[in-house]
Amino acid sequence: MRAAYYEQFGEPDVIQLGTLPAPEPSEKHVIIRIRAAAVGYWDVKQMRGLSGEQQFPVIPGYEVVGVVIIGSGDLQRGDNVVASLTHPGGLAQFVSAPASRTVMKPPQVPAVDAAGLVVNGGTALEGLDDRAGLQDHEWLLVTAAAGGVGSVAVQLGRIRGARVIGVASAENHELLKDLGAAASFDYHDPEWPAQVRELVPAGVDVLLDAAGGDTGAAAVTTVRQGGRALLIAGEPTSIPDGVKAIPYSANTNGPRLRAVLDLAARGQLRAITDSTHPLDDARAALERVASRHSHGRVVLLVE
Ligand SMILES: NC(=O)c1ccc[n+]([C@@H]2O[C@H](COP(=O)([O-])OP(=O)(O)OC[C@H]3O[C@@H](n4cnc5c(N)ncnc54)[C@H](OP(=O)(O)O)[C@@H]3O)[C@@H](O)[C@H]2O)c1
C-alpha cells in the first residue's frame, strides 16, 4: 500500500513516500481503507523521538476516517467509520483499527471534519467533563485556544454553559469570538495574566492548558484556590497552593468519539480545519503542524 513514513527520528524532512505491506486482519480489529487522516503535534513529538522508542518504519497519524473493508463485530464491510488509533498508521491507504475505538461516521459530518475531531474532541471532552467536571457558569481559561484541542475546548466549554476565556495571538481573537469565547487575550503581551485577573478577580475555575511552557506557567497563576488545572502540554514547575493539577494523557475511546461526533452531527461543534493536503504532501503537512501556528487540525486526503 502507499504510505508516508519515516525510518529515523527527526524533523518532517525524514518523511518518505513509498510502498509498505498492508496490515493483516486480526481479532477485534477492522481494516479500514482510509479517506482522510489528521495529524497533530503529538505526531511531530513522536517523529522527533520524544515519545520513546518506536519500531520503524513509523506511519504517522492516529485519527482516520474511511470505509471498512474487513469487519469485526457490528462493523461491516462498506461502513463509513471514524477511528481513534492506539498506534500510529493514518498516513496510508489502509490501517488496522481496534473495533472498540471505531465508530460509524454520522453522514452529516464531512470526512475531513470527522478526522480533525478525533483527538481534539476526545481530549477536550475527557478533560472538561470527566476530569474537571466543568459546571454551568464556571470560568474556563483555554490556552492555545485557536489550536486543535483549544478550538474544541472553547466550543465545548460554551456548550457546557461555562464562560470561556481564550488565549491566542491577536489575529485569532475573531475566530475565538465566533467559537463562543467571552474574552480573548494575547500571550505575546506579558500583561495577559493580569488582564485575566482583572476580568475574573477571584480567579478562573478551570484551566485547560494546551500551550505549556511559559504560557502554561503563567496560566496556572490565574486559577482560583480550589480550581482545577487540566495540563495536556507538560506540567509547569510550580503550581499555586490550592490549585488541583490534573495532568493527563487523553484516551479517545469509542464512547468519547461517539459523543464528539454526535455534537458535530447536531451542528453544535465545528471542526476547525487549518489545511488539507494530498498524501504525497505529508511532509508539508507535518511541517505545518511543527510550526505550532496551525489553527485547528491539519488533514491529509488519502483517497
Ligand atoms: N495529553 C494529551 O492527551 C494530549 C492530547 C492532545 C494534545 N496534547 C498536546 O497539547 C498541545 C496542544 O495540541 P494541539 O494539537 O491543540 O496544538 P496545535 O494545534 O499545534 O497548537 C497550535 C496553537 O498553539 C498556539 N501556540 C504556539 N506557541 C504558543 C505559545 N508559546 N503560547 C501559547 N500558545 C502558543 C498557537 O497559537 P497562535 O496561533 O494563536 O499564536 C496555535 O494556535 C500539544 O503539546 C500536544 O502535544 C496532549
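These numbers were taken from a predicted model, which means no experiment stands behind them.

Would you mind going over the domain arrangement of the protein with me for this structure?
Where interface size is given, it is often the accessible area lost as the parts come together that is meant. Considered domain by domain, the protein is made up of domain 1 (2–109 + 271–301) and domain 2 (120–247). Centre-to-centre, using C-alpha coordinates, domain 1 lies 28 Å away from domain 2. Both faces considered, domain 1 and domain 2 share a buried interface measuring about 710 Å² in area, 46% of it formed by carbon and sulfur atoms. Contact with domain 2 buries surface across domain 1, with Ile272, His295 and Arg297 losing the most and accounting together for 52% of the total. Between the two partners, domain 1 and domain 2, sit 0 salt bridges. If you look at where domain 1 meets domain 2, you find 3 residue pairs in polar contact (both at pLDDT 80 or more). Looking at the side of domain 1 that touches domain 2 residue by residue, the class counts come to 2 nonpolar, 4 polar and 3 charged.

How should I be thinking about the sheet that holds strand S12 (residues 223–231) in this particular structure?
The strands that make up a sheet pair up through hydrogen bonds in the backbone, lying either parallel or antiparallel. Read across the open sheet, the 6 strands follow the order S10-S9-S8-S11-S12-S13; overall the sheet is parallel. Among the strands making up the open sheet, the edge pair consists of strand S10 (183–185) and strand S13 (244–247). The average angle at which neighbouring strand axes cross in this sheet is 20°, direction not considered. Together, strand S8 (139–143), strand S9 (163–167) and strand S11 (204–209) form the strand contacts of helix H3 (residues 148–159), whose direction differs from that of S8 by roughly 170°. Packing against the sheet, helix H6 (residues 213–220) makes contact with S8, S9, S11 and S12, and its axis sits at approximately 150° to S12.

How do you make sense of the packing of aromatic side chains when you look at a structure like this?
Describing an aromatic ring pair means giving the distance of the ring centres and the angle of the ring planes. In the structure shown here, the tally under the stated rule is 2 aromatic pairs. Between the aromatic rings of Tyr6 and Phe56, the centroid separation amounts to 6.3 Å while the plane-to-plane angle is 65°, which identifies the pairing as edge-to-face. Of this pair, Tyr6 sits in the loop between strand S1 (2–5) and strand S2 (16–19) while Phe56 sits in the loop between helix H1 (41–47) and strand S4 (63–70); the two residues are 50 residues apart in sequence, bridging distant segments of the chain. Tyr6 sits in the buried class, given a relative accessible area of 0%. Classification of Phe56 as partly exposed rests on a relative accessible area of 34%. Ring centres 5.0 Å apart and planes at 65° place the aromatic pair Phe9 and Phe56 in the edge-to-face group. Pair noted here: Phe9 is in the loop between S1 and S2 and Phe56 is in the loop between H1 and S4, with a separation of 47 residues, a long-range link. Using a relative accessible area of 27% as the deciding quantity, one classes Phe9 as partly exposed. Lying over the aromatic face of Tyr41, Arg292 brings its terminal NZ or CZ to 4.3 Å of the ring centre.

Is there a simple way to think about H6 in this case?
Since the α-helix advances by 3.6 residues per turn, residues separated by three or four positions end up pointing in the same direction. Within H6 the residues assigned to the buried category are Thr215, Gly216, Ala218, Ala219 and Val220. Buried residues along H6 sit against S8, S9, helix H5 (192–199), S11 and S12.

Got a minute to help me understand the side chain of Ser169 in this structure?
The topology assignment puts Ser169 in the loop between S9 and helix H4 (173–179). With sequence-adjacent residues up to four places away left out, Ser169 is seen in contact with Asp186, Tyr187 and His188.

Please clarify how the environment of His29 should be interpreted in this entry.
With respect to the helices and strands, His29 occurs in strand S3 (residues 29–39). By relative accessible area, His29 is classed as partly exposed at 26%. A sequence separation of 86 residues divides His29 from Ala115, and the C-alpha atoms of the two residues are 19 Å apart. Apart from residues no more than four positions distant in its own chain, His29 is found in contact with Gly71, Ser72, Ser96, Ala97, Pro98 and Ala99. Engagement of the side chain of His29 in a polar contact is seen with the backbone oxygen of Glu27, the distance being 2.9 Å.

Please explain the site of the ligand as it appears in this structure.
Lining the immediate environment of the ligand, one finds 27 residues, of which Ser169, Asn172, Tyr187, Thr215 and Ala250 sit closest. Side-chain polar atom of Ser169 to an oxygen atom of the ligand: 2.5 Å apart, as the coordinates give it. Between the ligand and Ser294 there is a distance of 3.5 Å, counted from an oxygen atom to a backbone nitrogen or oxygen. Calculation on the ligand without its partners gives an accessible area of 940 Å², and the protein chains cover 90% of this total. Counting only elements with at least two residues in the shell around the ligand, the list comes to H1, helix H2 (111–131) and H3. Of all the elements, H1 adds the most residues to the shell around the ligand, at 3 residues.

Calculation notes
Residues numbered from 1 in each chain as written. Predicted model: local features only at pLDDT ≥ 70, side-chain atom pairs only at ≥ 80, totals over all residues. Heavy atoms only, no water. Domains from an automatic or database assignment. Buried area = accessible area lost by both parts, 1.4 Å probe. Salt bridge = Lys/Arg side-chain N within 4 Å of Asp/Glu carboxyl O. Polar contact = N/O pair within 3.5 Å; in protein donor to acceptor, adjacent residues only side chain to side chain. Nonpolar A, V, L, I, M, F, W, Y, C, P; charged D, E, K, R; others polar. Pairing = 2+ DSSP bridges. Helix = DSSP H or I, 4+ residues; strand = E, 2+ residues; numbered from the N terminus. Axes fitted to C-alpha atoms, helices over the stretch in contact; angles between N-to-C directions. Contact = heavy atoms within 4.5 Å. Phe/Tyr/Trp six-rings, centres within 6.5 Å; stacked < 30°, edge-to-face > 60°. Buried < 20%, exposed > 50% of the residue type's maximum accessible area, 1.4 Å probe, protein only. Lys NZ or Arg CZ within 6 Å of the ring centre and 35° of its normal. Near = heavy atom within 4 Å. Areas by Shrake-Rupley, 256 points an atom, 1.4 Å probe, with all protein chains shown as cover.

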